[in-house]
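Summary of structural features
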Amino acid sequence: MVVGTGASGSMAADGVEERKQMSALIVDDNSVIQKIHKVIMTKLGFETQVVDNGKMAVDLHTSGCSFDVILMDMEMPVMNGIEATKELRAMGVETMIVGVTACSLESEKQAFKEAGLNECFVKPLNMEEAKSLVKKLNKEDN
Amino acid sequence: MVWLWLQGYLDEQFIQLEDLQDDANPNFVEEVVTLFYGDSARLLHSIEQALESNPLDFNGLEAYMHQFKGSCSSIGARKVKSECTQFREYCNARNAEGCIRTFQQVKQEHATLRRKLETYFQALV
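Cut-off values and rules
- Along each chain, residues carry numbers from 1 onward, in the same order as the chain's sequence is written.
- For naming, the first written chain is A and the first written ligand is 1, with later ones following in the order written.
- Side-chain atom pairs in this predicted model are given and counted only at pLDDT of 80 or more, local residue features only at pLDDT of at least 70, and totals for whole chains, interfaces and linings cover all residues.
- In computing side-chain properties, one takes all heavy atoms of the structure into account and sets aside hydrogens as well as water.
- UniProt positions are given in the numbering used here, feature names are shortened, and annotations may be inferred rather than shown by experiment.
- Secondary structure counts use DSSP, requiring at least four H or I residues in a row for a helix and at least two E residues in a row for a strand, with both numbered from the N terminus.
- Throughout this description, buried means an accessible area under 20% of the type-specific maximum (1.4 Å probe, protein chains only), exposed means over 50%, and partly exposed covers the range between.
- We call two residues contacting when some pair of their heavy atoms lies within 4.5 Å.
- The Shrake-Rupley method, run with a 1.4 Å probe, gives the accessible areas here. Residue values count only the displayed protein chains as cover.
- Exposure above 30% relative accessible area and the lack of any salt bridge qualify a residue for a patch; like charges then connect within 9 Å, and the nonpolar side chains Val, Leu, Ile, Met, Phe, Trp and Tyr within 5 Å.
- We define a salt bridge as a contact between a side-chain nitrogen of Lys or Arg and a carboxyl oxygen of Asp or Glu at a distance within 4 Å.
- In this charge count, Lys and Arg are treated as positive and Asp and Glu as negative; neither His nor the chain ends contribute.
- Charge positions are represented by NZ for Lys, CZ for Arg, CG for Asp and CD for Glu.
- Multiplying one less than the number of residues by 1.5 Å gives the expected span of a helix.
- Under the rule applied, a polar contact is a pair of N or O atoms within 3.5 Å (in protein, one hydrogen donor and one hydrogen acceptor; residues adjacent in sequence only if both atoms are side-chain atoms).
- One requirement defines pairing of two strands: DSSP has to find at least two bridges between them.
- By convention a crossover is right-handed if, when the strands point away from the viewer, the path from the first strand over the helix to the second runs clockwise.

Chain B appears in an unreviewed UniProt entry as Histidine-containing phosphotransfer protein from Dillenia turbinata. Regarding chain B, the UniProt comment filed under Function (unreviewed entry) reads as follows: "Functions as a two-component phosphorelay mediators between cytokinin sensor histidine kinases and response regulators (B-type ARRs). Plays an important role in propagating cytokinin signal transduction."

The name recorded for chain A in an unreviewed UniProt entry is Signal transduction response regulator, receiver domain, from Dillenia turbinata.

Structure follows, in structure tokens:
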């Protein structure tokens, strides 16, 4: 699986284009989900960072960090996924934001999607779902 | 692990975890299960304390159980998850007796699965 085909690739000395490693931000307060998502994204070639709530995700972006994909839990303390997604979009963050939620209520999932998600899955994400995200990311870069 | 799955204790999600285990993450499944039992001990303790209050805060109980059920889903703990669903139904119905009774079932299934998983991991050594 080739990832990291971002537009920010640069030319190496031998003329071969270097591919930037893609990065994923995992936003979840549950340590089990953090671990599962981290392993999945790492296996797919992503550099990963993990935070416990939406505010930490927003603060990272405020400080200048950026990622290729954000896996955003819906229910978290301090700042939940809906609020964090709205804030990130209001800040102009255009990164792919993927909601992951244990919530089964359609109305709540709809509110999450309307906050600005690109996709929404039931948690935990599985490998096939993660691969579909990589496909979409690679398509966008091409 | 097939027999545990067949007996209904675990579902497809556990197989997904086993598929993620490899040379780079040789103890992944056991590490995830350990994290689960650490987290769940904390949540079960919170629920137990909340069940001692009078009147019961059903919204608070429901929120704790939602978190716990989410954790159960992440390791494929099918029977525990089923009891969690029952508990949440009693919360929504504001049925205190049902909540208290079902919570004992949650704890029992949680403990049973723990014993079975410990046996499984010991057999792998």
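The next thing to look at is the overall build of chain A. Counting its secondary structure elements, chain A contains five helices and seven strands. In chain A, the succession of helices and strands from N to C terminus is β-β-β-α-β-α-β-α-β-α-β-α. Evaluated residue by residue, chain A yields a buried proportion of 51% over its 142 residues. Residue pairs in contact within chain A that sit at least 24 positions apart in sequence constitute 61% of those at least 6 positions apart. Entry remark: accessible area of chain A is about 6800 Å², with carbon and sulfur atoms responsible for 49%.

The subject of this paragraph is a negative patch on the surface. Where like charges cluster on the molecular surface, the negative patch consists of Asp-29, Asp-52, Glu-75 and Glu-108 of chain A. Its place among the elements puts Glu-75 of chain A in the loop between strand S5 (69-73) and helix H3 (81-90).

Quick look at helix H4 (residues 58-75) of chain B now. All names here are of chain B. Counted at 1.5 Å a residue, the expected span for H4 with its 18 residues is 26 Å, and the 26 Å between its end C-alpha atoms agrees. Within H4, 13 of the 18 residues are buried, which leaves the element mostly enclosed by the surrounding structure. Here H4 starts with a cap whose side-chain oxygen sits 3.3 Å from the backbone nitrogen of Asn-59, and that cap is Asp-57. At the C-terminal side of H4, Gly-76 shows a positive phi close to 80°.

Across a regular strand the side chains alternate sides, sitting on one face of the sheet and then on the other. Residues and elements named next belong to chain A. Counting buried positions over the five residues of strand S3 (residues 23-27) gives five, a clear majority of the element. As defined by bridge partners, S3 adjoins strand S4 (residues 47-51) across five bridges and the pair is classed as parallel. Its bridge partner being in S4, Val-27 is matched across the sheet by Val-51. Taken together, S3, helix H1 (residues 31-43) and S4 constitute a β-α-β crossover, and its handedness is right-handed. As paired elements, S3 and S5 share four bridges and run parallel to each other. Paired with Ile-26 across the strands is Leu-71, a residue of S5.

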